[in-house]
Amino acid sequence: MSEEPTSETGTSKVLELERKFSINENSERKLQEVGASCLREKSFEDSYYDSVDYQLTLSDYWLRKREGNWELKSPPEKRKPESDVAQYIETTNAGEIVQYLSAILKTDPTHAGDNADQIAKFVEKTGLQPFAVFRTNRKTYTMEGGFQIDLDETDFGYKVGEIELIVHQNEDVAAALEKIDTLAEKLEFTNLEAEIPAGVLPDTLLVI
Ligand code: V4E
């Protein structure tokens, strides 16, 4: 991957391994049966930004402002292609986000800074615009093994679950992917891609 995920104090980058799945009326009960416990329930609004010709999303870069905080999900250099698990580097540091964006948009990053206000200026200067804005209600469960399981419902009626593990070292990726797949099987979670009805998600969120 372009920059190594690290567990050093102060870093803003982690590698998120996450698998989405369809949820039904039994999903929450199944989670509780395997020992997961509900950590919190919250609601948040996301605004996803891109250029008019979708340079970011077409390159699998996902820039969003969640409740006022900028976040960027970018693809690691190497992914395990055989896995159903999505693998992204998540960056929250404004300076780092601008570095990534400048490279994709082929813009000069010199006017970049390291706080949210300066990233907003960068976004304005490069003409990035919100292309999808929606609110999500999320129930977050945790369970033994470091798993986080989210049950999401958006304000346009889309329901999805997600199993997530965070890793800090490349060497841990293969084992973590296997753990996610094993848990998904145990919970009888069904593959999401096979079941998304056409038109449910904004097309721009289904680019890859
Ligand atoms: C990567 C991506 C998008 C950006 C949102 O990523 P996501 O993991 O869905 O965020 P969220 O809010 O569910 O989790 P959090 O960041 O809070 O942990 S939108 C589309 N993609 C690419 C993508 C895709 N098209 N389909 C699947 C199954 N995964 C990723």
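Residues numbered from 1 in each chain as written. Predicted model: local features only at pLDDT ≥ 70, side-chain atom pairs only at ≥ 80, totals over all residues. Heavy atoms only, no water.

For clarity, the threshold we go by: UniProt positions are given in the numbering used here, feature names are shortened, and annotations may be inferred rather than shown by experiment.
By the naming in an unreviewed UniProt entry, the protein goes by Thiamine-triphosphatase and is assigned to Saccoglossus kowalevskii. Here the protein is described in UniProt, under the heading Cofactor (unreviewed entry), as follows: "Mg(2+)".

**What about the layout of surface pockets?**
Threshold: Only protein atoms enter the 1 Å grid, on which a cavity is a set of points fitting a 1.4 Å probe that cannot get out and a pocket is an open set with protein on both sides within 12 Å along at least 5 of 7 lines, lining residues being those with an atom within 4 Å of a point. Grid points are joined across faces, edges and corners, and a volume is the space filled by probe spheres set on the points. Going along the chain from the N terminus, every DSSP run of H or I of four or more residues is numbered as a helix, and every run of E of two or more is numbered as a strand. Classification convention: Asp, Glu, Lys, Arg as charged; Ala, Val, Leu, Ile, Met, Phe, Trp, Tyr, Cys, Pro as nonpolar; all other residues, Gly among them, as polar.
Taken as a whole, the second largest pocket spans an internal volume of roughly 240 Å³. Forming the boundary of the second largest pocket are Ile 23, Asn 24, Glu 25, Ser 27, Glu 28, Glu 41, Asn 137, Lys 139, Leu 151, Asp 152, Glu 153 and Lys 159. Elements that contribute at least two residues to the lining of the second largest pocket include exactly helix H1 (27–33), strand S6 (129–143) and strand S7 (147–154). If one sorts the elements of the lining of the second largest pocket by residue count, S7 sits on top with three residues. Split into classes, the residues belonging to the lining of the second largest pocket amount to two nonpolar, three polar and seven charged.

**Thoughts on the site of the ligand**
Cut-off, in case you're wondering: We call a residue near a molecule or strand when any one of its heavy atoms sits within 4 Å of it. Side-chain atoms alone can form a polar contact between residues adjacent in sequence; in general such a contact is a pair of N or O atoms within 3.5 Å, and within protein one must be able to donate a hydrogen while the other accepts it. Method for areas: the Shrake-Rupley scheme with a 1.4 Å probe, in which residue coverage is limited to the protein chains shown.
In the vicinity of the ligand, 16 residues are found, and the nearest of them are Glu 18, Arg 64, Arg 66, Lys 73 and Arg 138. One of the side-chain N or O atoms of Lys 73 is found 2.5 Å from an oxygen atom in the ligand. The separation between an oxygen atom of the ligand and a polar side-chain atom of Glu 164 is 3.2 Å. Alone, the ligand offers 650 Å² of accessible surface; in the complex the protein occludes 86% of this.

**Quick notes on the packing of aromatic side chains**
This is how the line gets drawn: The aromatic pairing rule takes the rings of Phe, Tyr and Trp, using the six-membered ring of Trp, and pairs them if the centres are within 6.5 Å, calling planes under 30 degrees apart stacked, those over 60 edge-to-face and the rest tilted. Between buried and exposed lies partly exposed: a residue is buried under 20% and exposed over 50% of the maximum accessible area for its type, with that area taken using a 1.4 Å probe on protein chains only.
On inspection of all chains with the given rule, the structure shows eight aromatic pairs. Between Tyr 48 and Phe 131, the ring centres sit 6.3 Å apart and the planes meet at 50°, which makes this aromatic pair tilted. Taken together, the positions of Tyr 48 in strand S2 (residues 37–50) and Phe 131 in strand S6 put the pair 83 residues apart, joining distant regions of the chain. Note on Tyr 61 and Tyr 100: the rings are 6.2 Å apart at their centroids and 50° apart in plane angle, and the pair reads as tilted. Pair noted here: Tyr 61 is in the loop between helix H2 (55–58) and strand S3 (62–66) and Tyr 100 is in helix H3 (residues 94–105), with a separation of 39 residues, a long-range link. Of the residues examined, Tyr 100 reaches a relative accessible area of 8% and is grouped as buried. Taken together, Tyr 48, Tyr 54, Phe 131, Phe 134, Phe 156 and Tyr 158 form an aromatic cluster joined through their ring pairs.

**Focus on the nonpolar core**
Quick note on the threshold: Definition used in this section: a nonpolar core is a set of buried Ala, Val, Leu, Ile, Met, Phe, Trp, Tyr and Cys residues joined via side-chain atoms within 4.5 Å. Note on contacts: a residue pair qualifies if any of its non-hydrogen atoms lie within 4.5 Å across the two residues.
Residues Leu 63, Leu 101, Ile 149 and Ile 163 are the most contacted members of the largest nonpolar core, which totals 39 residues. Elements supplying a minimum of two residues to this core: strand S1 (14–22), strand S4 (69–74), H3, helix H4 (116–126), S6, S7, strand S8 (159–167) and helix H5 (173–186). With seven residues, H3 is the largest single contributor of residues to this core. What Ile 149 contacts, discounting residues up to four positions off in sequence, is Phe 21, Leu 31, Lys 139, Thr 140, Tyr 141, Met 143, Glu 162, Ile 163 and Leu 183. Counting five residues, the second largest nonpolar core, distinct from the first, contains Trp 62, Tyr 88, Ala 132 and Phe 134.

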